[in-house]
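Examination of the molecular architecture
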Amino acid sequence: GQQVMQIPQYQHVQEGEDFTTYCNSSTTLSNIQWYKQRPGGHPVFLIQLVKSGEVKKQKRLTFQFGEAKKNSSLHITATQTTDVGTYFCCPGGYQKVTFGTGTKLQVIP
Amino acid sequence: GAGVSQSPSNKVTEKGKDVELRCDPISGHTALYWYRQRLGQGLEFLIYFQGNSAPDKSGLPSDRFSAERTGESVSTLTIQRTQQEDSAVYLCASSPRSGASGANVLTFGAGSRLTVL
């Protein structure tokens, strides 16, 4: 599997503020997936990015895949308390699937 | 089934006992993964099965851990002589295929929470 690092490890934001988490690899990735794990829950697939420079949106969430396919980001606009959880990136297309360290998001109402 | 099913959902055991955790993947999913997640930590890869190929056991932390899978169906994760550091949530995931660019999305079960006293 490919190793990826995520930053920041933790983020506290006031409700309504924006939030961004970054996923970085030292090598070129085939594709990148993002998962969300709510407190006490299990990871749930959000999206997959495959193409260089790809940008996808899901309501207030914007996902980007870097031009060099070595990094990715997840941006949430105007956070809500329902966004609370840990966001993991995951290099896809490999047999041994390993996850990034995750970014834990806390939203203060 | 409709989703990945894991049992038991909770298991409390005494140090030194053996435990067995079960995972029923989504029907037709050839790839199956086990992960360990300690409290407040990330997802630690344990083992991966792909069809009838030899499993990738590179993530198993010690020889007390073993896993089996019957064909493309049920998998069991066995922990022998449990230790307190084995306390964690054990998550199982399955996907339609693996190693193929573009489509190995994982669906997770709810996990088995293991507490070793």
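Our subject is the structure that appears above.
Here is what the cut-offs are and how they apply
- Residues numbered from 1 in each chain as written.
- Chains lettered and ligands numbered in written order.
- Predicted model: local features only at pLDDT ≥ 70, side-chain atom pairs only at ≥ 80, totals over all residues.
- Heavy atoms only, no water.
- Phe/Tyr/Trp six-rings, centres within 6.5 Å; stacked < 30°, edge-to-face > 60°.
- Helix = DSSP H or I, 4+ residues; strand = E, 2+ residues; numbered from the N terminus.
- Buried < 20%, exposed > 50% of the residue type's maximum accessible area, 1.4 Å probe, protein only.
- Pairing = 2+ DSSP bridges.
- Axes fitted to C-alpha atoms, helices over the stretch in contact; angles between N-to-C directions.
- Disulfide = S-S within 2.5 Å.
- Polar contact = N/O pair within 3.5 Å; in protein donor to acceptor, adjacent residues only side chain to side chain.
- Contact = heavy atoms within 4.5 Å.

Re the packing of aromatic side chains
As enumerated under the stated definition, the model contains eleven aromatic pairs over all chains in all. Ring geometry for Y35(A) and F108(B): centres 6.1 Å apart, planes at 85°, overall edge-to-face. Remark: F108(B) occurs in strand β9 (residues 107–108) and Y35(A) occurs in strand β4 (residues 31–37); the pair is interchain, linking two chains. The residues Y35(A) and F108(B) share a single accessibility class, namely buried.

A look at the sheet that holds strand β3 (residues 19–24) of chain B
Residues and elements named next belong to chain B. Taken in spatial order, the four strands line up as β1-β3-β7-β6 in an open sheet, and their pairing is antiparallel. The open sheet has two edge strands with one neighbour each: β1 (5–7) and β6 (65–69). The sheet shows a mean angle of 15° between the axes of neighbouring strands, direction not considered. Pairing geometry for β1 and β3, over three bridges, is antiparallel. Considered in β3, the bridge of Q6 is made with C23.

A few points about the state of the cysteines
Among covalent bonds in proteins, the disulfide is the one between the sulfur atoms of two cysteines. Residue and element names in this part refer to chain A. This model, assessed by the stated rule, comprises two disulfides over all chains. Linked covalently through their sulfurs, C23 and C89 form a disulfide whose S-S length is 2.0 Å. Because the torsion about its S-S bond is 75°, the bridge between C23 and C89 counts as right-handed. Linking C23 in strand β3 (residues 19–25) with C89 in strand β9 (residues 85–92), this pair joins segments that are 66 residues apart in sequence.

Concerning the side chain of Q37(B)
Looking at the secondary structure, you find Q37(B) in strand β4 (residues 31–37). Reaching out from Q37(B), the side chain makes a polar contact with the backbone oxygen of Q41(B) at a distance of 3.0 Å. Once residues lying within four places of it in the same chain are set aside, the contact partners of Q37(B) are Q37(A), F88(A), G42(B), L43(B), A88(B), V89(B) and L91(B).

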